[in-house]
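The residues making up each chain are set out below.
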Amino acid sequence: MIEQRTRRSGRIRLFLAAAAAPLLLGSCGVVAELPTTSMPTSFSAATSPEGHPMAVSAPAEATVSKVVMPVYWLGLNGSDVQLYREFLPSKNTGDPIGEAVMTMTTATPSDDDYFTPWAPASKVTASISSKNVITVDISSDAFKPSLDAGMAHRAVQQLVYTATAAAANAGLTTAGYNASVAVLVDGKAGYLAFGHEDLERDLERDRTMPAPIWIISPQEGDGTETSVAVTGSAVKRDEPLFWSVERVVNGRPDTSALKSGELRLEAVAGETAMFDIQIDLEPGEYNLRVFHGEGENEDSKRFTVY
């Protein structure tokens, strides 16, 4: 599994290099063909495993703490690219939705298995109506990277998920209405995002986009006490759901599991359920993995026990 994680991070770096290259070329005044950041398979072929998407509703995005904000990233999962969420520190700018979307385009994910195909936006503002229609006005410079159709759809959904999650987390949504997002670019409607995604109409969450397994806590790089509280969510499948913890030695996870077990989900096949476990560990650095069967849909987090 170590080799699998290394390959996955390497492929993500290739995606980022492809997306960043046009910006570097442009800043030097060199005219060159824009490389395209592409899906690992064709857009039509890339679907969630077994057609069982993660069910993530916007109201479930809220946290107790208002000093953090939800931000969505993209990550490779087998032959697909799917959505993963992190909670990042908030500066409480007074525009929680705009701040989260801006962070989505400018920040680096804590987990190096994740990435963003967006270029840094110079400006993002947002508002929300009483019927949960979120209007995000984002500058056109965020759309500079060249993406294929599949990656463009995922990038736009990354924005939709981030904006709706930020609204819910800030307590701005009204009960009884589904959240949707109207995207303006430099104040105007009808933009064709990355040359593929029509932003003429209000956008809702594509339920096939989230990855089937998320580790919610601990997050990448967290420090925790010796009794580690692990929480997450996963899609129930025919194969069992397993967890494993390895020591990190010289910057790499050990090949043998220090502790492992099976997770039981209170759901029928195809539905999403939460899971939680308590793991007692000695001080040190560890790598936690949660996966289906023989290693499918794996999500992993490194953390430190004090």
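Here, every reference points to the structure presented above.
Keep in mind that this is a model prediction, so the values were computed, not measured.

Rules used throughout
Residues numbered from 1 in each chain as written. Predicted model: local features only at pLDDT ≥ 70, side-chain atom pairs only at ≥ 80, totals over all residues. Heavy atoms only, no water. Buried < 20%, exposed > 50% of the residue type's maximum accessible area, 1.4 Å probe, protein only. Helix = DSSP H or I, 4+ residues; strand = E, 2+ residues; numbered from the N terminus. Pairing = 2+ DSSP bridges. Core = buried A, V, L, I, M, F, W, Y, C linked by side-chain atoms within 4.5 Å. Contact = heavy atoms within 4.5 Å. 1 Å grid on protein atoms, 1.4 Å probe; cavity = no way out; pocket = protein on both sides within 12 Å on 5 of 7 lines; lining within 4 Å. Points joined across faces, edges and corners; volume = space filled by probe spheres on them. Nonpolar A, V, L, I, M, F, W, Y, C, P; charged D, E, K, R; others polar. Axes fitted to C-alpha atoms, helices over the stretch in contact; angles between N-to-C directions.

Visitor: Run through the pairing of strand 17 (residues 272-280), naming residues and quoting values.
Guide: Only one face of strand 17 is buried, namely the one carrying A273, F275, I277 and I279, since none of T272, M274, D276, Q278 and D280 on the opposite face is buried. Where strand 13 (residues 227-235) lies against strand 17, nine bridges are found, and the strand directions are antiparallel. Bridge pairing links T231 to D276 in strand 17.

Visitor: Could you give an account of the nonpolar core, naming the residues involved and the relevant values?
Guide: With 47 residues, the main nonpolar core has W118, V136, I138 and F143 as its most contacted residues. Listing elements by their share of this core, those giving two or more residues are strand 2 (68-77), strand 3 (80-89), helix 2 (96-106), strand 4 (114-115), strand 6 (133-138), helix 3 (149-169) and strand 8 (180-185). For this core, the element with the most residues is helix 3, which contributes eleven residues. Apart from residues no more than four positions distant in its own chain, V136 is found in contact with I97, V101, V124, T125, A126, A163, V181, A182, V183 and L184. Counting residues in hydrophobic clusters, the runner-up holds 21 residues, among them V230, W243, V245 and L265.

Visitor: Describe empty space enclosed by the protein, and please don't skip the residues or the numbers.
Guide: Once rolled over the atoms, a probe with the size of a water molecule shows which space is left empty. Evaluation of the coordinates by the stated rule reveals one cavity of 30 Å³ or more. Its boundaries defined by the atoms lining it, the largest cavity holds a volume of some 50 Å³. Lining the largest cavity, in full, are R85, E86, F87, Y114, W214, I215, I216, Q219 and D299. Of all the secondary-structure elements, those providing two or more residues to the lining of the largest cavity are strand 3 and strand 11 (213-217). Among the residues making up the lining of the largest cavity, the classes are represented as five nonpolar, one polar and three charged.

Visitor: Could you give me a rundown of the sheet that holds strand 2, with the residues and numbers involved?
Guide: If you trace the three strands from one edge of the open sheet to the other, you get 3-2-4, paired in antiparallel fashion. Here the strands that pair on one side only, and so sit at the sheet edges, are strand 3 and strand 4. Bridging between strand 2 and strand 4 involves two bridges; their strand directions are antiparallel. Within strand 4, the residue paired with G75 across the bridge is Y114. Across the sheet, helix 3 is in contact with strand 2, strand 3 and strand 4; its angle to strand 2 comes to roughly 155°.

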